[in-house]
Amino acid sequence: MATTKVDGGAVALGKPVIAVAVDDSERSFHALRWTLLRFFSSSGAAGSTLPFKLVVVHARPTPTSIISPSATGAPDMLSVVKADLTKISSKVIDKAKETCLAHSVRDVECEVHEGDPRIVLCQAVEKHHAEILVVGSHGYGAIKRAVLGSVSDYCAHHADCNVMIVKKPKHKN
Amino acid sequence: MESEGKEPPPVAAAEAKAEAAGSGEFSKKMKVMAAVDESEGSLHALSWALDNLFPSSSGDSPAAASLGRLILLHVQQPLQHFMHPVGPSIYATSSVFESVRKAQEENSHHLLERAARPCSSKAPLMKTETVIAEGDPKETICQVAEKMDVDLLVVGSRGLSKIKRAILGSVSDYCAHHAKCPVLIVKPPKGNN
């Protein structure tokens, strides 16, 4: 479990937590940017105290979810895949930190866990007692959702807190 | 049709920075729509939204004036539903129809009044509007939200189990998937069964 604190300065006690789920999709970064814009913009002079604390959660897929351990040459492939996944997830976290800084939010806690995103997100919500969980949305239809599974669906029903589903707007004509 | 810049289109972090700097003022002007009905869940969702989405709305700071709008939407079920129990009396006079309709409208107005009360006490400086629409709740909520171009749709949740949701249908589920704007699902407070 890797937890990095970005500028872990004065962490105000009792500030409600907003947890934002990110992965390597543009959708989730759209959700992060939307959250930063709407909830973390300090436009006023007294903007130094933001009402919420931001926690960014990233779930790194396990190598075995991509390659079955019984495939030929699996042990070598697994280590390659694992290295790749680690690289991708650190890029995701870097991009997330960059995005937060671009919106002048320095007090961000980033969490990376390996595992099924649904479980990772719900556990992160419990751990931080988050008030809101923000997730992007695939915009799948009902059948795709039933077959492929939907993280936002699962979280909307099982997370302990309120859930905000942020969609990337389709291009309006 | 270009929206008036209410939706952030940035792709790169640099763009986002410029946008954030430029739109700092307007970003607080969030147009939030809260769907209300008789359930406790929706009233709880509304008061949660008031407490958390418009935090600086109490007091007389000048920033409060630029806070954004809150729209309370109540969807009335179409009247046909009420006629079914009346049964075979097809000759029900129009006055019955009228009085049912009037009762329903009064009900909606009372409901919205009750919902608007915490708005005026918690956020007196914020603009609150009320809208009554008629139709199937889940579709209507999404349609009205799209028509009024809201930035965030707030719905309560009954906390139904998976099976109940499949049978009874879930408005919050439908809105989460079909609304074009971001949707916030507010769960009932813990400890309330």
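Residues numbered from 1 in each chain as written. Chains lettered and ligands numbered in written order. Predicted model: local features only at pLDDT ≥ 70, side-chain atom pairs only at ≥ 80, totals over all residues. Heavy atoms only, no water.

### Re the nonpolar core
- Within the largest apolar cluster, 51 residues are counted, with the highest numbers of intra-cluster contacts made by Leu70(B) and Val154(B).
- With 7 residues, helix α2 (residues 40–53) of chain B is the largest single contributor of residues to this core.
- If sequence neighbours within four positions are ignored, Val154(B) has contacts with Val32(B), Met33(B), Ala34(B), Ala35(B), Ala45(B), Ala49(B), Leu53(B), Leu184(B) and Val186(B).
- Counting residues in hydrophobic clusters, the runner-up holds 40 residues, among them Val57(A), Ala59(A), Ile141(B) and Leu153(B). (Core = buried A, V, L, I, M, F, W, Y, C linked by side-chain atoms within 4.5 Å. Buried < 20%, exposed > 50% of the residue type's maximum accessible area, 1.4 Å probe, protein only. Helix = DSSP H or I, 4+ residues; strand = E, 2+ residues; numbered from the N terminus. Contact = heavy atoms within 4.5 Å.)

### As for the side chain of Ser172(B)
- Following the sequence through the fold, Ser172(B) ends up in helix α7 (residues 171–178).
- The contact partners of Ser172(B), leaving out residues within four places of it in the chain, are Val155(B), Gly156(B), Ser157(B) and Ile185(B).

### Topic: the packing of aromatic side chains
All names here are of chain A.
- On inspection of all chains with the given rule, the structure shows 2 aromatic pairs over all chains.
- With a centroid separation of 5.7 Å and 80° between ring planes, the pair formed by Phe 39 and Phe 52 is classed as edge-to-face. Placement of the pair is Phe 39 in helix α1 (residues 26–39) and Phe 52 in the loop between α1 and β3 (53–60), with a sequence separation of 13 residues.
- The positively charged end of Arg 118 is found above the aromatic ring belonging to Tyr 154, 5.9 Å away from the centroid. (Phe/Tyr/Trp six-rings, centres within 6.5 Å; stacked < 30°, edge-to-face > 60°. Lys NZ or Arg CZ within 6 Å of the ring centre and 35° of its normal.)

### Section: the packing of helix α5 (residues 137–147) of chain B against α7(B)
All names here are of chain B.
- Running from N to C, α5 and α7 cross one another at 35°; their axes reach a closest spacing of 9 Å. α5 and α7 meet at a crossing whose hand is right-handed. Contacts between α5 and α7 involve Pro 137, Lys 138, Glu 139, Ile 141 and Cys 142 from the first element and Val 171, Tyr 174, Cys 175 and His 178 from the second. (Axes fitted to C-alpha atoms, helices over the stretch in contact; angles between N-to-C directions. Left-handed = near helix turned anticlockwise from the far one by under 90°.)

### A look at the confidence of the model for chain B
All names here are of chain B.
- The predicted model of chain B has a mean per-residue pLDDT of 73, with 63% of residues at 70 or higher.
- A low-confidence stretch, residues 1–27 (pLDDT under 50), is modelled with 36 contacts involving residues beyond four sequence positions or located in other chains.
- Note that residues 57–66 has pLDDT below 50 and, in this model, 13 contacts with residues that lie over four places away or in other chains.
- Confidence metrics for the complex model read pTM 0.76 and ipTM 0.78. (pLDDT = per-residue confidence, 0-100.)

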